[in-house]
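The chain contents come next:
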Amino acid sequence: MGGVAKGQIVREIDALGGMSGLVTDQATIQFRMLGRSKGPAMWSPRAQCDKTQFSLLWLSVLQHTPNLSLRQDTVTELLFDQNLLTGVRTQLGKNFYASKVILTNGTFLNGRIHVGEYNFSGGRIGESASFILSDQLKERGVETKKLKTGTPVRIDGRTIDFTKLLEQPGDDDPQTFSFFGTTPVTRQLSCWITYTNPHVHEVLQKGFEKSPLFQGRIQGVGPRYCPSIEDKIVRFSDKDKHQLFLEPEGRTTTEYYLNGFSSSLPEDVQVEAMHLIPGLENASIFRPGYAIEYDYFNPMQLHYTLESKLIPNLYFAGQVNGTTGYEEAACQGLMAGINAHLALNNKDPFILKRSQAYIGVLIDDLITKGVQDPYRMFTSRAEYRILLRQDNADYRLTPIGFQLGLIEPERYGAFLNKYQKQQELEDYLRTTLTNADTFNPMLEEKETATLVHNIKLSQLLLRPQLTIDDLIETDSRLRDFLENHDLSTEQIRNVETAIKYENYIQKEEQLVQKFSQLDNIKISPDFDYFSLDSISMEAREKLSKAKPLNLGQASRISGVSPSDITVLMIYLRNTRS
């Protein structure tokens, strides 16, 4: 769970009151904070979880959730009273009636699994695909396409030669995803690194003639950023090796996941190539890698609430919207659930802006741009990533979660107390003067200018050569303050970030204010774009299809130029003046 930008999403889910962070923390077997060599905006938490424990914990959470009824069955079709959605029918012939329905079908809709020349229906290995439902939606105008994803071989750890691998341990100071109620993992398991080589690539290429990917049996588009191993050696033919990660699947199993070796090649080719990888010469597999092809629905046919524009009261969340990963799916499920509840109670929808959360970036990208290949979140997708750090997700979203009723008063009180203490530390650093005689020896050692006169501690902290730890080690007054106020390491780091990056944060906030003006210029859903001869035909077609709610959304649609937006802005202002 987590990873680059995905970790920010998990923390945002937790900050809103979702359960992903809490369950992840309890199932963690290794924790790493990625991107620490870069600025805090790029830091991304990642946890390796015990797969079995993760599933059991989630099952327990669901079974102990008040007012939640559970049913194990397969939904085969939606129920309608004329054009009004009224519920779902299952494979066992049971009807469930509901005012709102949320589809989270993952990779199961018309799912087909490919291993070499063999292919068969399935949502994943060992689980049946779902049929009929996808065709029913298509008949009602929902645009349906196919995507492809893959998974690598699962290896018996007893047959791995770990002496030939590079160990990748967890962090010395592991953290948690949840802002409340969990403790860091204490006994971590290592991951291991190895590499392919030209001999591996030669063997893999031998299997291309039986590859469903290259022989055209797979029609779905695969992930751009996590391609299969056969795709990698074709797209990056100049590289003679690719990095692979051996990741443990749990504490009580010998199963390892060969991350980076996703493949749909024949099993014998996968095994032959794997045996040429250092450390895996004698490895045996529990299961070969495979590709899965499945249906997804064009997310541009959704409102920002994730409700269908074509079928009122029907919501889509997760891989059916063309996204990858547990994290992207989890945040969509949370947002769809919140908005379905709000609509049932005749309340305003809950929509996160791009400046508020990575969740807002993700949904805005889906709605305005659609997907051509499985969508994966990256920090580069967020133009305000200095504001959307993983460390301040609770500051951004917990008050909203409390207003929505997802955050309990006890937790909200702890949140307020946390930020009150942080503010007290920040005020202390901004008002307390240094002592030149005390600090100068340390400054000389750090090869930064010594003090001629005393300055505020916060001013000293701005120097790139210094960290707040340097100030704490040097100044006994600061140590006493921290001891008396009982601040955690996380709180101290948050204050350091707020001070060090204050100028950058302020600049991004100014950009948010500037561009939010476009979001305030509303556009009627039935606006006739073809009546505007001054904008391009492509823009007219794209805008008519997307039906943006405001000028900001219109500006983010692919194919709509800045000049088109200028014309539209002038027209809207003139018609309202």
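All residue numbers refer to position in the chain's written sequence, counted from 1. Selection of residues for local features in this predicted model requires a pLDDT of at least 70, selection of side-chain atom pairs for listing and counting requires 80 or more, and totals for whole chains, interfaces and linings are taken over all residues. Water and hydrogen atoms play no part in the side-chain values, which are based on all heavy atoms of the structure.

Enquirer: Explain the packing of aromatic side chains to me, using residue names and the numbers behind them.
Expert: In this analysis, rings of Phe, Tyr and Trp, with Trp reduced to its six-membered ring, are considered paired at centre separations within 6.5 Å, and the interplanar angle assigns stacked below 30 degrees, edge-to-face beyond 60, and tilted for intermediate values. Inspection of every chain in the model, using the stated rule, returns 13 aromatic pairs. Taken together, a centroid distance of 6.4 Å and an interplanar angle of 40 degrees make the contact between Phe 54 and Tyr 326 tilted. Of this pair, Phe 54 sits in helix α3 (residues 51–63) while Tyr 326 sits in helix α8 (residues 326–344); the two residues are 272 residues apart in sequence, bridging distant segments of the chain. Throughout, exposure labels follow a simple rule: accessible area from a 1.4 Å probe, protein chains only, divided by the maximum for the residue type, with under 20% read as buried, over 50% as exposed, and the rest as partly exposed. A relative accessible area of 15% means that Phe 54 is categorised as buried. Residue placement shows Arg 11 over the ring face of Phe 179; its charged tip is 4.0 Å from the ring centre. Over the ring of Tyr 195 we find Lys 241; its NZ or CZ atom is 4.5 Å from the centre of that ring. Secondary structure elements are defined from DSSP: runs of H or I of at least 4 residues count as helices, runs of E of at least 2 residues count as strands, and each element is numbered from the N terminus. We count a charge as sitting over a ring when the NZ of a lysine or the CZ of an arginine lies within 6 Å of the ring centre and within 35 degrees of the ring normal.

Enquirer: Describe the side chain of Glu 230, listing the residues and the values that go with them.
Expert: Structurally, Glu 230 can be placed in helix α6 (residues 229–235). Charge convention: Lys and Arg are scored as positive, Asp and Glu as negative, and His as well as the terminal groups of each chain are ignored. One side-chain nitrogen of Lys or Arg within 4 Å of one carboxyl oxygen of Asp or Glu is enough to make a salt bridge. Salt bridges are absent for the buried Glu 230, whose nearest opposite-charge side chain, Lys 148, sits at 6.2 Å. Within the structure, the side chain of Glu 230 is placed 3.1 Å from the backbone nitrogen of Ser 264, a separation counted as a polar contact. Think of a polar contact as two N or O atoms within 3.5 Å of one another; within protein, one of them needs to be a possible hydrogen donor and the other a possible acceptor, and neighboring residues in sequence only count if both atoms come from side chains.

Enquirer: Go over a nonpolar patch on the surface with me, naming the residues and quoting the values.
Expert: Patch members must show over 30% relative accessible area and no salt bridge, and they are joined within 9 Å when carrying like charges or within 5 Å when they are nonpolar side chains of Val, Leu, Ile, Met, Phe, Trp or Tyr. To measure how exposed things are, a 1.4 Å probe is used in the Shrake-Rupley method; for residues, cover is taken only from the protein chains shown. A contiguous nonpolar patch, built from Leu 62, Leu 68 and Leu 70 and spanning about 240 Å² of accessible area, is present on the exposed surface. Relative to the elements of secondary structure, Leu 62 occurs in helix α3. Since its relative accessible area comes to 34%, Leu 62 is described here as partly exposed.

Enquirer: Requested: an account of helix α20 (residues 562–576), with residues and values cited.
Expert: To estimate how far a helix should extend, the number of its residues minus one is multiplied by 1.5 Å. The first and last C-alpha atoms of α20 sit 21 Å apart over 15 residues, in line with the 21 Å expected at 1.5 Å per residue. For α20, the set of buried residues is Asp 564, Ile 565, Leu 568, Met 569 and Leu 572. Buried residues along α20 cover an arc of 135 degrees about the axis, so they all sit on one side. Should any heavy atoms of two residues lie within 4.5 Å, those residues are counted as being in contact. Looking at the packing, one finds that the buried side of α20 touches α17 (502–519), α18 (537–546) and α19 (551–555). Comment: arc refers to directions from the helix axis out to C-beta atoms.

Enquirer: Explain the sheet that holds strand β3 (residues 75–81) to me, and be specific about the residues and the numbers.
Expert: At least two bridges found by DSSP between two strands are what make those strands a pair. On the basis of which strands lie adjacent, the open sheet formed by three strands has the order β3-β4-β5 and antiparallel pairing. Where the open sheet ends on each side, the last strands, each with one partner, are β3 and β5 (95–97). Sheet twist, expressed as the mean angle between neighbouring strand axes with direction ignored, is 30 degrees. As paired elements, β3 and strand β4 (residues 84–90) share six bridges and run antiparallel to each other. Bridge pairing in β4 places Leu 78 opposite Val 88. Each axis is a line fitted through C-alpha atoms, and for a helix only the stretch in contact is used; angles between axes span 0 to 180 degrees, taken between their N-to-C directions.

Enquirer: Can you break down the nonpolar core residue by residue, with the values?
Expert: Counting 59 residues, the largest nonpolar core has Leu 78, Leu 137, Leu 314, Leu 352 and Ile 359 as its most contacted members. In contact with Ile 359, other than residues within four places in its own chain, are Glu 12, Ile 13, Leu 16, Cys 331, Met 335 and Leu 352. Among buried residues, those of type Ala, Val, Leu, Ile, Met, Phe, Trp, Tyr and Cys that are joined through side-chain atoms within 4.5 Å constitute a nonpolar core.

Enquirer: Pulling in residues and values, what's your account of the packing of helix α11 (residues 409–431) against helix α16 (residues 489–500)?
Expert: Axis separation between α11 and α16 bottoms out at 9 Å; the angle between their running directions is 50 degrees. Taken together, α11 and α16 sit at an angle that is classed as oblique. Crossing handedness for the pair α11 and α16: right-handed. When α11 is examined against α16, the residues Lys 418, Tyr 419, Lys 421, Gln 422, Leu 425, Glu 426, Leu 429 and Arg 430 are found in contact with a partner set consisting of Glu 490, Gln 491, Ile 492, Asn 494, Val 495, Ala 498 and Ile 499. Residue polarity is assigned by list, with Asp, Glu, Lys and Arg as charged and Ala, Val, Leu, Ile, Met, Phe, Trp, Tyr, Cys and Pro as nonpolar; anything else, Gly included, falls into the polar class. Split by residue class, the contact of α11 with α16 holds seven nonpolar, three polar and five charged. If an angle is under 35 degrees, it is roughly parallel; if it is over 145, roughly antiparallel; if it lies from 65 to 115, roughly perpendicular; otherwise it is oblique. Handedness of a crossing follows from how the near helix is turned relative to the far one, being left-handed for an anticlockwise turn of less than a right angle and right-handed for a clockwise one.

Enquirer: An account of the pattern of salt bridges is needed here, citing residue identities and associated values.
Expert: Under the definition given, this model contains 38 salt bridges. The closest approach of N and O atoms between Asp 295 and Lys 146, which form a salt bridge, is 2.6 Å. You can see Asp 295 sitting in strand β15 (residues 290–297) and its partner Lys 146 sitting in strand β9 (residues 144–156), a full 149 residues away along the chain. Here Asp 364 ties to Arg 556 by a salt bridge, and the two come within 2.5 Å at their closest N and O atoms. A residue pair is termed long-range when its members are at least 10 positions apart, and Asp 364 in helix α9 (residues 358–369) and Arg 556 in the loop between α19 and α20 qualify at 192 residues. Exposure remark for Asp 364: the relative accessible area of 2% places this residue in the buried category. Residue Arg 556 is classed as partly exposed on the basis of its relative accessible area, which comes to 21%.

Enquirer: With reference to specific residues and values, describe the side chain of Asn 110.
Expert: Tracing the backbone shows Asn 110 in the loop between β6 (101–103) and β7 (112–115). A polar contact of 2.7 Å, which involves the side chain of Asn 110, links it to the side chain of Asp 295. Sequence-distant contacts of Asn 110, defined by excluding residues within four places in its chain, comprise Ala 129, Ser 130, Phe 131, Ser 134, Asp 135, Lys 146, Glu 293, Tyr 294 and Asp 295.

Enquirer: Mind laying out the environment of Trp 43, listing which residues take part and the relevant values?
Expert: Topologically, Trp 43 is positioned in the loop between β1 (28–34) and β2 (44–49). Taking the C-alpha atoms as reference points, Trp 43 and Thr 432, 389 residues apart in sequence, are found 30 Å from one another. Ignoring sequence-local partners within four residues, the contact set of Trp 43 consists of Gln 8, Met 33, Leu 34, Gly 35, Arg 36, Lys 38 and Gln 390.

Enquirer: Please provide a residue-by-residue account of α17, values included.
Expert: An ideal rise of 1.5 Å per residue puts 26 Å on 18 residues; α17 measures up with 25 Å between its terminal C-alpha atoms. Elements in contact with the buried residues of α17: α16, α19 and α20.

Enquirer: Residues and numbers for the packing of helix α10 (residues 393–404) against α11, please.
Expert: Between α10 and α11, whose axes approach to 11 Å, the crossing angle comes to 150 degrees. By the angle between their directions, the pair α10 and α11 is classed as roughly antiparallel. As α10 runs across α11, the sense of the crossing is left-handed. For the pair α10 and α11, contact is made by Asp 394, Tyr 395, Thr 398, Pro 399 and Phe 402 and by Pro 409, Tyr 412, Phe 415, Lys 418 and Tyr 419, respectively. For the contact of α10 with α11, a count of residues per class yields seven nonpolar, one polar and two charged.

Enquirer: Describe the confidence of the model for the chain, and please don't skip the residues or the numbers.
Expert: Within a predicted model, pLDDT stands for the predictor's per-residue confidence, ranging from 0 to 100. When pLDDT is averaged along the chain, the result is 92, and 98% of the positions lie at 70 or above. Across the chain, element-level confidence peaks in strand β16 (residues 314–316) with a mean pLDDT of 98 and bottoms out in strand β8 (residues 118–121) with 82.

Enquirer: Tell me about unusual backbone geometry, and please be specific about residues and values.
Expert: Here the phi dihedral of Ala 5 falls at roughly 70 degrees; this positive angle occurs in a residue that is not glycine. Along the chain, Ala 5 falls in the segment before α1 (6–16). With phi around 60 degrees, Gln 82 is a residue other than glycine that occupies positive phi space. The residue Gln 82 is located in the loop between β3 and β4 in this model.

Enquirer: Can you break down the state of the cysteines residue by residue, with the values?
Expert: A pair of cysteine sulfur atoms is labelled a disulfide when the two atoms are within 2.5 Å. Across all of its chains, the model carries zero disulfides by this definition. The thiol of Cys 191 is not disulfide-bonded; the next cysteine sulfur, from Cys 49, is found 11 Å away.

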